[in-house]
Amino acid sequence: MSTINTDVLIIGAGPVGLFQIFELGLLNIHAHIVDALPQVGGQCAELYPEKPIYDIPACPEIMAQQLIDNLMLQIAPFDADFHLHQLVTDLRTLENGRFEVTTSKGTIFNTATIVLAAGLGPFQPRRLRLQGVDKFEGQQINYKVADKASYTGKRLAILGGGDSALDWVLELAEYCEHIDLVHRREQYRAQPASVNKMRELIQQGKVTEHHGNASGLIHSGDNLSGLQLRSNDGEEKALDINSILVFWGLTPNLGPIADWGLEIEKRQVPVDTEKFQTKIPGIFAVGDINTYPGKKKLILSGFHEAALAAFAIQAQLNPDQKVRLQYTTTSPVIHQRLGLKVIKKLEI
Ligand SMILES: Cc1cc2nc3c(=O)[nH]c(=O)nc-3n(C[C@H](O)[C@H](O)[C@H](O)COP(=O)(O)OP(=O)(O)OC[C@H]3O[C@@H](n4cnc5c(N)ncnc54)[C@H](O)[C@@H]3O)c2cc1C
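Being a predicted model, the structure only gives us computed values, none of them experimental. The residue count restarts for each chain, going from 1 along the sequence in the order it is written. Residue-level local features of this predicted model are given only where pLDDT is at least 70; pairs of side-chain atoms are given and counted only at 80 or more, and the full residue set underlies all totals for whole chains, interfaces and linings. To obtain the side-chain values, all non-hydrogen atoms of the structure were included, while hydrogens and water were left out.

What follows is about the state of the cysteines. Two cysteines whose sulfur atoms are joined by a covalent bond form what is called a disulfide. To count as a disulfide, a pair of cysteine sulfur atoms needs to be within 2.5 Å. Applying the stated criterion across every chain, the model contains 0 disulfides. Among the cysteines around C44, which has no disulfide bond, C59 carries the closest sulfur, lying 12 Å off.

Moving on, we get to the packing of aromatic side chains. Aromatic contacts are taken between Phe, Tyr and Trp rings whose centres are within 6.5 Å, Trp giving its six-membered ring; a plane angle under 30 degrees counts as stacked, one over 60 as edge-to-face, and the others as tilted. This model, assessed by the stated rule, comprises 4 aromatic pairs. Taken together, a centroid distance of 5.5 Å and an interplanar angle of 70° make the contact between F276 and Y292 edge-to-face. Of this pair, F276 sits in the loop between β18 (269-270) and β19 (283-285) while Y292 sits in the loop between β20 (290-291) and α6 (299-317); the two residues are 16 residues apart in sequence, bridging distant segments of the chain. By way of ring pairs, the aromatic residues F19, F22, F78 and F303 are connected into one cluster. Secondary structure elements are defined from DSSP: runs of H or I of at least 4 residues count as helices, runs of E of at least 2 residues count as strands, and each element is numbered from the N terminus.

Across 7 bridges, the pairing between strand β1 (residues 4-11) and strand β8 (residues 108-116) is parallel. Counted as the bridge partner of I4 is F109 from β8. Between any two strands, pairing holds if DSSP finds at least two bridges. With 4 bridges joining them, β1 and strand β2 (residues 31-34) adopt parallel strand pairing. Residue pairing in the sheet places L9 in a bridge with H32 of β2.

Bringing the packing of helix α1 (residues 15-26) against helix α3 (residues 64-75) into the picture now. It is at 9 Å that the axes of α1 and α3 come closest, and there the two elements cross at 20°. It follows that α1 is roughly parallel to α3 by the angle criterion. Between α1 and α3 the crossing geometry is left-handed. From α1, P15, L18, F19, I21 and F22 reach across to α3, where they touch I68, L71, M72, Q74 and I75. Angles run from 0 to 180 degrees between N-to-C directions of axes, and those axes are lines fitted to C-alpha atoms, restricted for helices to the stretch in contact. The cut-offs work like this: below 35 degrees is roughly parallel, past 145 is roughly antiparallel, 65 to 115 is roughly perpendicular, and the gaps in between are oblique. Each crossing gets its hand from how the near helix is turned against the far one by less than a right angle, where anticlockwise is left-handed and clockwise is right-handed. The contact criterion used throughout is that any non-hydrogen atoms of two residues lie within 4.5 Å.

As structure tokens, then:
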């Protein structure tokens, strides 16, 4: 794969990483952006898409996913390049002061500057915490489905009660000999249509539903042969299964960021409050990932940080150019960058 050369690479497509595209775009700087998740929106989209937010300026109430959709509309004129579903694994400083950044998909960036907008770090699947689980992970216990056909003829336990768990019950029912669905309570957090389809599979004898918690693994040596369950009324039972899929959602973790030579303070990266630059010149940090005296982990703080970081990046990329603050209301140059002339022409 050939190396992508860029002026700016943004790591993290949460609300702040997305707004960073906008602030850079106003200054005529194009960006590439990477995120480990398959979709943009960070915590807003992954953890609370349908919860209303009340402290975004001039939006008395906005659903978290709507905020992300609006940001995507707002940054559209700047045509950033998105590289989703790939974790940034390595970052190293080159001799010429630029940076080489590598992702889990093998994409390599050679970039003049980096904006770390990595929030709380990449989200990892919430793990099953039972004795002996380590030796079966990646084998008979998994947190994602890599190959549906590999479940052919399996007796599978699916743990979870959200959309992922239910979607995979429906998807894998035709492959598996039988599926045991284990959820801690009777109500599911999934789409009602999926719950109804799952109940049809129960009627057909393809799926059995259990309410309680996994309490132990049953195995002989390297072979997982069952799952011990404790029901909500304290009863123990053993499920005859040979595969487990766990869909308990995702949890953030600093992950590879800890190995990039950045200063880290309580899982955050210290920055100055003029440029939001880290101790490594050319690497900026905005949003939940950074820390400074008085830091508040709020979306609106991240938006402010992104604006100042953009000006600092502009100054670094073009040291001989004086950067003028221009209002979006009145600047013809900004209107052109936003494509407003084109829109006005179409309206006429
Ligand atoms: C339930 C809940 C309610 C909240 N309510 C509010 C509220 O009302 N108002 C408010 O202002 N804030 C609220 N917040 C906080 C708000 O969501 C965060 O401040 C905001 O999401 C931070 O945005 P961010 O872009 O900095 O990081 P994030 O949203 O965390 O996004 C970071 C992104 O970086 C990606 N990433 C990290 N490391 C890597 C890597 N190595 N490679 C590739 N990608 C990587 C992650 O996958 C993620 O998508 C709430 C948070 C929660 C959990």
